[in-house]
Amino acid sequence: MSIQTEAPNPKPHIPIVTEELLLGTAARWRRMGEVVPAGGSTTADGSPDYGLFGPGSVMWEVLLHPASIVFETAAQASLQFLYKPITAGVRDEDPVSRKARAGTFTMFDFFDRIQRNSGMHAPMWFGDTVTATNMATFLHRIHGHVSGPIIDPKDPSLGGYAAQSPREAMWAAITELHGTLMAYEKLAWHGDTPPQPLSDAQRDQFVREMAPYLRLVGADEAEIPQSMSDLDALYEKYWPYFGHSESVFVDLETGVNMMVQYQQVGQKNWHPSHKLATDVITEVYEQWRDIMHAVLPANLQVAAGRTREQIEASDDTIRAREADILEFQNPENEARIMRMMWGPDGVDLIESARRLHREASPAAA
């Protein structure tokens with residue numbers, strides 16, 4: 001007769017975080033081989049392969065600005081967490097959530113998760129076509145298991161989600177780019193010139209330039225917007241999926257809000273060296289939450305649960321942090337954040353794209 005015993009909970013690996021571990025090597029971000037910068041290869045007809053966007057594009061004008069580099073993490077998160085299917089996918093299937101449920105999560109895991117996010121977008125935004133396609137293929141593959149029958153247990157009408165579906169793939173890409181645009185328009189200083197919105201024509205062009213990226217990730221061609229009014233209509237069509245819902249954040253297995261669960265397990269597995277990681281999380285994400293909500297248009301601020309008074313005070317909220325916002329995007333800090341969050345390949349891709357963009361758009365120099 002055999003006696004079966006319940007398998008013990010896995011023992012967490014508690015890393016000792018050093019500055020070297022924090023920075024990481026290219027391997028932390030690199031997937032599918034070495035990257036080739038936009039313009040670093042040629043197309044079948046012998047012309048330079050500039051990838052999805054290329055020099056002179058409005059997209060590069062926005063994405064390559066120092067403010068976009070340093071605020072991308074906070075800007076993307078603020079908008080993506082308003083799209084309930086993305087939140088549900090993080091709640092159910094993200095590695096950090098699985099580790100939190102298992103009791104093995106550490107705050108370095110959370111740092112590592114947000115750190116890789118920017119740098120793994122750089123090949124798609126600033127690489128040649130093969131580099132962009134390789135990264136998109138990898139991300140599509142690893143998201144294959146991210147699906148579930150429940151977005152919001154308190155709103156069954158929303159149904160389920162699937163990260164590989166055209167709907168979720170489209171909104172993941174749109175929220176990345178549109179979130180960055182909104183931060184750029186409100187926070188990007190140009191020397192001594194304060195932030196300013198794009199013109200209507202430039203904003204329409206920005207939306208049109210989204211199209212290759214949306215196709216790459218698998219969006220339905222019929223839904224790809226071609227103007228800002230098209231994008232506004234797309235938000236309206238999918239509006240039931242937007243908003244902050246506490247019930248979406250609640251882990252379906254443990255019944256605990258996933259963010260609280262991260263904190264609880266992270267504290268249990270705390271090592272004093274983890275403060276290096278949490279300091280960066282605070283610097284690039286936590287401290288900018290109110291600012292990132294303030295850059296959103298009023299309808300999305302309502303979706304985020306902000307009061308009328310908070311919405312009306314949005315410009316004041318940004319103005320009160322003006323010195324911090326300007327300092328955060330200064331050249332020295334931008335270089336530090338770029339290496340920390342975008343990785344060595346990301347730094348090379350960004351610097352190469354900036355050189356090309358300056359040559360194509362002297363006014364951007």
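Presented here is a report on the structure given in the accompanying data block. (Residues numbered from 1 in each chain as written. Predicted model: local features only at pLDDT ≥ 70, side-chain atom pairs only at ≥ 80, totals over all residues. Heavy atoms only, no water.)

## Thoughts on the packing of helix α3 (residues 66–80) against helix α6 (residues 107–126)
Across the interface, α3 lies against α6 with an axial gap of 10 Å and an inter-helix angle of 100°. With respect to their mutual orientation, α3 and α6 come out roughly perpendicular. On α6, the residues that touch Glu 72, Thr 73 and Gln 76 of α3 are Ile 114, Asn 117, Ser 118, His 121 and Trp 125. Within the contact of α3 with α6, the residues separate by chemical class into two nonpolar, five polar and one charged. (Axes fitted to C-alpha atoms, helices over the stretch in contact; angles between N-to-C directions. Helix = DSSP H or I, 4+ residues; strand = E, 2+ residues; numbered from the N terminus. Parallel < 35°, antiparallel > 145°, perpendicular 65-115°, else oblique. Contact = heavy atoms within 4.5 Å. Nonpolar A, V, L, I, M, F, W, Y, C, P; charged D, E, K, R; others polar.)

## Concerning empty space enclosed by the protein
Scanning all chains against the criterion turns up one cavity of 30 Å³ or more. Roughly 40 Å³ of volume is contained in the largest cavity. Considering the residues around the largest cavity, the lining is formed by Arg 31, Met 32, Gly 33, Glu 34, Val 35, Pro 123, Thr 131, Asn 134 and Met 135. The class makeup of the residues in the lining of the largest cavity is four nonpolar, three polar and two charged. (1 Å grid on protein atoms, 1.4 Å probe; cavity = no way out; pocket = protein on both sides within 12 Å on 5 of 7 lines; lining within 4 Å. Points joined across faces, edges and corners; volume = space filled by probe spheres on them.)

## Notes on helix α13 (residues 275–284)
Because each turn of an α-helix spans 3.6 residues, side chains separated by three or four positions end up pointing in the same direction. Of all the positions in α13, only Ala 277, Thr 278, Val 280, Ile 281, Glu 283 and Val 284 are classed as buried. Looking at the packing, one finds that the buried side of α13 touches α1 (19–23), α3, α6, α18 (322–328) and α19 (331–360). (Buried < 20%, exposed > 50% of the residue type's maximum accessible area, 1.4 Å probe, protein only.)

## Points about the layout of surface pockets
Rolled over the atoms, a probe with the dimensions of a water molecule shows which regions are left empty. Approximately 1,200 Å³ is the volume found for the largest pocket. Around the largest pocket sit 46 residues that line it, and Gln 80, Asp 94, Arg 113, Asn 117 and His 143 are the ones nearest its centre. Counting residues per element, the ones that place at least two in the lining of the largest pocket are α3, α4 (84–93), α5 (95–102), α6, α7 (129–142), α8 (166–187), α9 (200–217) and α12 (258–268). A per-element tally of the lining of the largest pocket places α6 first, with eight residues. Of the residues contributing to the lining of the largest pocket, the split by class is 27 nonpolar, 11 polar and eight charged. Of all elements in the fold, only α3, α6, α11 (246–249), α12, α13 and α14 (289–294) reach the threshold of two or more residues within the lining of the second largest pocket. A class-by-class count of the residues in the lining of the second largest pocket yields 15 nonpolar, eight polar and five charged.

## Focus on the packing of aromatic side chains
By the definition in use, this model includes 20 aromatic pairs. Their ring planes at 55° and their centres at 6.2 Å tell us that Trp 60 and Phe 126 sit as a pair that is tilted. Highlighted residues: Trp 60 in helix α2 (residues 58–63) and Phe 126 in helix α6, separated in sequence by 66 residues. Judged by centre distance (5.1 Å) and plane angle (50°), the ring pair of Trp 288 and Phe 328 falls under tilted. Taken together, the residues Trp 288 in the loop between α13 and α14 and Phe 328 in helix α18 connect sequence positions 40 residues apart. Under the relative-accessibility criterion, Trp 288 is labelled buried at 1%. A network of ring pairs unites the aromatic residues Tyr 83, Trp 171, Tyr 235, Tyr 238, Trp 239, Tyr 241 and Phe 242 as a single cluster. A cation over an aromatic ring shows up here: Arg 167 above the ring of Tyr 241, its NZ or CZ 4.3 Å from the ring centre. (Phe/Tyr/Trp six-rings, centres within 6.5 Å; stacked < 30°, edge-to-face > 60°. Lys NZ or Arg CZ within 6 Å of the ring centre and 35° of its normal.)

## Some details on the pattern of salt bridges
Summed over all chains, the structure comprises 21 salt bridges. Among the salt bridges present, the one from Glu 93 reaches Arg 98, with a minimum N-O distance of 3.9 Å. The partner of Arg 101 in a salt bridge is Asp 251, and the shortest N-O contact between them spans 2.8 Å. Linking Arg 101 in helix α5 with Asp 251 in the loop between α11 and α12, this pair joins segments that are 150 residues apart in sequence. Overall, Arg 101 belongs to the partly exposed group, its relative accessible area being 21%. For Asp 251, a relative accessible area of 2% gives the class buried. Through salt bridges with shared partners, a single ionic network connects Arg 28, Asp 112 and Arg 116. (Salt bridge = Lys/Arg side-chain N within 4 Å of Asp/Glu carboxyl O.)

## A few points about unusual backbone geometry
Phi at Met 32 takes a positive value of approximately 65°, unusual for a residue other than glycine. For Met 32, the location among the structural elements is in the loop between α1 and α2. According to the relative accessible area criterion, Met 32 is partly exposed, its value standing at 38%.

## Comments concerning α3
Compared with an ideal rise of 1.5 Å per residue, which puts 15 residues at 21 Å, α3 spans 21 Å between its outermost C-alpha atoms and is within 8% of the ideal. Along its length, α3 shows its largest kink, about 65°, at Glu 72. In terms of burial, α3 is largely enclosed, as 14 of its 15 residues are buried. (Expected span 1.5 Å × (residues − 1). Bend = angle between axes of the 7 residues up to and from the residue.)

## Here's the deal with the environment of Glu 93
When you line up the elements, Glu 93 lands in helix α4. Between the alpha carbons of Glu 93 and Gly 148 there is a distance of 8.8 Å; along the sequence they are 55 residues apart.

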